[in-house]
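Single-letter residue listing:
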Amino acid sequence: MTRFNGKSSWWFIAFILVWTAVMFIIMLIPSPVALWIAGAGLLMSIFLISTLIRNHVDVFDDRVEICYGPMTIRITISSIRSVERSHCLLASTANSFDRVYITVRGIDCCDDTLVSLKDNDAFIEAVRDRLRDLRAEASDVSECAHPTSNAPWL
């Protein structure tokens, strides 16, 4: 297993600090509605802070596990179609705009995902190496299962 730590940009950390401060200020308003809004906002703050604490991607021989706050997304290596750098602005499990776009075929929870890591290039290379190994193993198995016309017993 290889672990790649997540990357959090300064603007993301600043957003969390400002958001949390605003929620505490809203709590000072003497209104039940304000308390509900502040309570929901502080729950969101807890989630956002957890994404700073638990933000990494583990690459195993057969799968990739994206650990982001309270969530864990598991993607089998064989289902990955491509992995490439991206600066896409879509919401994702990424705390920075310097992201890696993972295209996946046919898994239950989602088709594609974005992650932001401190070493995006090393992650891309690790996944591509595992994909190459998987394809090499598959071709070795298919060669054994289906004899070619050059086989002496044919």
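As a reminder, the structure under discussion sits directly above these lines.
Residues numbered from 1 in each chain as written. Predicted model: local features only at pLDDT ≥ 70, side-chain atom pairs only at ≥ 80, totals over all residues. Heavy atoms only, no water.

Trainee: Please give an account of the pattern of salt bridges that cites residues and values.
Mentor: Within this structure, the stated rule accounts for 10 salt bridges. A salt bridge links Glu-125 to Arg-132, with the nearest nitrogen and oxygen atoms 3.0 Å apart. Among the residues examined, Glu-125 registers a relative accessible area of 39% and is labelled partly exposed. Sharing partners across several salt bridges, the network here consists of Lys-7, Arg-85, Asp-98 and Asp-121. (Salt bridge = Lys/Arg side-chain N within 4 Å of Asp/Glu carboxyl O. Buried < 20%, exposed > 50% of the residue type's maximum accessible area, 1.4 Å probe, protein only.)

Trainee: Lay out the environment of Gly-39 with the relevant residues and their values.
Mentor: Counting through the fold element by element, Gly-39 comes out in helix α2 (residues 32-53). Here the alpha-carbon distance between Gly-39 and Met-23, two residues 16 residues apart in the chain, equals 7.7 Å. (Helix = DSSP H or I, 4+ residues; strand = E, 2+ residues; numbered from the N terminus.)

Trainee: For the sheet that holds strand β7 (residues 112-115), give the residues involved together with the corresponding values.
Mentor: Strand order across the open sheet formed by 3 strands is β5-β6-β7, with antiparallel pairing between neighbours. Only two strands of the sheet have a single neighbouring strand rather than two, namely β5 (80-86) and β7. Each strand of the sheet is rotated relative to its neighbour by a mean of 20°, with strand direction disregarded. Judged from the 4 bridges that link them, strand β6 (residues 99-104) and β7 form a sheet pairing that is antiparallel. In the strand pairing of β7, Tyr-101 is matched with Leu-114. (Pairing = 2+ DSSP bridges. Axes fitted to C-alpha atoms, helices over the stretch in contact; angles between N-to-C directions.)

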